[in-house]
Amino acid sequence: MVDRRTMLAGGAGVAIGALGSSPAAAAAGGLHALAATRGLSFGTCLAAPRRDNGSLGNPRFAALVERDCGMAVPENAMKWQAIRPSADRYDFAAFDAIVDAAIRRGLRLRGHTLLWHYDRWFPRWLVDYDFGSQKRATAERLLQTHIRTVAARYGRRIGSYDVVNEAVDPADGSLRSTALSRAMGGAEPVLDLAFHAARAAAPHAELVYNDYMSWEDGNQKHRDGVLRLLEGFRTRGTPVHALGVQSHIGVFEPTDSIERLVVRLTPAWRGFLDQVTGMGYRLVVTEFDVRDRGLPADIARRDRDVAAFARGYLDVMLSYPQLRDVLAWGITDRFSWLRGFEPRPDGKITRGLPYDEEYAPKPLYGAIRDALAAATPRR
Ligand code: XIL
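Okay, so let's go over this structure. Here the structure is a predicted model, which is why all the values come from computation and not from measurement.

With that settled, the discussion passes to the packing of aromatic side chains. On inspection of all chains with the given rule, the structure shows 18 aromatic pairs. Aromatic side chains phenylalanine 288 and tyrosine 313 sit 6.4 Å apart centroid to centroid with 15 degrees between the ring planes, which places their arrangement in the stacked category. On the criterion of sequence distance, the pair formed by phenylalanine 288 in strand 8 (residues 282–291) and tyrosine 313 in helix 13 (residues 299–318) is long-range, its members being 25 residues apart. On the accessibility criterion, phenylalanine 288 (1% relative accessible area) is buried.

With that settled, consider the site of the ligand. Not every one of the 13 residues close to the ligand is listed here, only the nearest: Glu75, Lys79, His112, Asn165 and Glu287. Taking glutamate 75, its side chain carries an N or O atom lying 2.4 Å from an oxygen atom of the ligand. Side-chain polar atom of asparagine 76 to an oxygen atom of the ligand: 3.0 Å apart, as the coordinates give it. More than half of the atoms belonging to the ligand lie within 2 Å of the grid points that define the largest pocket. Across the shell around the ligand, the residue classes break down as four nonpolar, five polar and four charged.

Our focus in this paragraph is empty space enclosed by the protein. If you walk through the whole model with that rule in mind, you get one cavity of 30 Å³ or more. Every residue along the wall of the largest cavity is listed here: Lys79, Trp80, Gln81, Thr113, Trp116, Trp121 and Phe122. Listing elements by their share of the lining of the largest cavity, those giving two or more residues are helix 5 (80–83) and strand 3 (108–116). Considering only residue class, the lining of the largest cavity consists of four nonpolar, two polar and one charged.

The next thing to look at is helix 10 (residues 187–201). The end-to-end C-alpha distance of helix 10, which contains 15 residues, comes to 21 Å, matching closely the 21 Å that a straight helix rising 1.5 Å per residue would cover. Every buried residue of helix 10 is accounted for by Ala187, Val190, Leu191, Asp192, Leu193, Ala194, Phe195, Ala197 and Ala198. Close packing links the buried residues of helix 10 with strand 3, helix 8 (135–154), strand 4 (158–165), helix 9 (179–184), strand 5 (206–211) and helix 11 (220–236).

All right, on to the pairing of strand 9 (residues 323–328) then. Most of strand 9 sits out of view: five of its six residues are buried. Note that strand 1 (residues 41–46) and strand 9 share four bridges and pair parallel. Its bridge partner lying in strand 9, glycine 43 is registered against leucine 327. Sheet analysis places strand 8 next to strand 9, joined by three bridges and oriented parallel. Within strand 9, the residue paired with phenylalanine 288 across the bridge is alanine 328. Considered for its hand, the β-α-β crossover made up of strand 8, helix 13 and strand 9 is right-handed.

Calculation criteria
- Residues numbered from 1 in each chain as written.
- Predicted model: local features only at pLDDT ≥ 70, side-chain atom pairs only at ≥ 80, totals over all residues.
- Heavy atoms only, no water.
- Phe/Tyr/Trp six-rings, centres within 6.5 Å; stacked < 30°, edge-to-face > 60°.
- Helix = DSSP H or I, 4+ residues; strand = E, 2+ residues; numbered from the N terminus.
- Buried < 20%, exposed > 50% of the residue type's maximum accessible area, 1.4 Å probe, protein only.
- Near = heavy atom within 4 Å.
- Polar contact = N/O pair within 3.5 Å; in protein donor to acceptor, adjacent residues only side chain to side chain.
- 1 Å grid on protein atoms, 1.4 Å probe; cavity = no way out; pocket = protein on both sides within 12 Å on 5 of 7 lines; lining within 4 Å.
- Sits in = over half its atoms within 2 Å of the grid points.
- Nonpolar A, V, L, I, M, F, W, Y, C, P; charged D, E, K, R; others polar.
- Points joined across faces, edges and corners; volume = space filled by probe spheres on them.
- Expected span 1.5 Å × (residues − 1).
- Contact = heavy atoms within 4.5 Å.
- Pairing = 2+ DSSP bridges.
- Right-handed = clockwise from strand over helix to strand, strands pointing away.

Dropping the structure here:
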């Protein structure tokens, strides 16, 4: 197993060198075209169109999306902070622009997110909201109206929603307390309401619970909490179709063998995924990238390890036929959220996405391509 992985990771490096960014590369077809031959789909998040960001308004970025992606999801433009400047106002300008540009290019769209159930990411006005004497009814109305308004506006153009994002506290696996859960007397009713409202407003759509429980050490309580939540959804008949596995995977400490790390992490992760799929949930990889904070600065070494770690992870994910859609959280390191959100201690640019900051493909590109190529075709 270790030999095979080493070989494949090495092979990815060689192949990507040969691919380069030449016309021959384009002719070879991108990640989505390859994914499609396996019944899979590959995509990225997008910012609102501008010439100088990770969006379809930036010609260089758009060229990569055209080459490699069949789907897209807004990075920030559908969040409450973006479309809900106040309780009584919506601002869809940025998200509309993403949707229009994506549809024009024939991309399938996912919606992210109808409810990021985490006070830290609520708009300030919602954290401070005065729910009055009928707290529960007021909170219900606020949430339901939000979901209805968004879903009605985009209709069938959005085929899958991260209805609820990050409701589980990784520290102990409990459900997070938020302004909404305090008003409604608990988090469960909030989450259930969100899914019921989404089903009513978008009966065609795939409804996803999305979270960042992951395969690294330290994730056990988070995984257990998510399992309890998913069980609860089933028990209560809450309409949830899939678990969104964000997949911001990472190597946080120096390690002398990525292959050994992959082998060590895999059994617990498989145990988790087996339970999730055993409850009848599909899987979506919603926000894939690789955090490289524990890897050495040396670029050749770092890129090789990032690629090997990603390959090990994607192989496990893709071994589940319940997974069809794989979305990365960006395409080039130039615009990766990791640069600001999780900078390397040495200040070097993070290298967690398939293209580097100059839009050149890296070994990670080859690892994703090889993992997709190795996947069993979906029926
Ligand atoms: C991140 C964006 O990439 C950043 O630009 C923003 O500042 C914060 O949110 N999990 C999620 C995504 O579900 O919405 C987050 O996106 C990354 C982690």
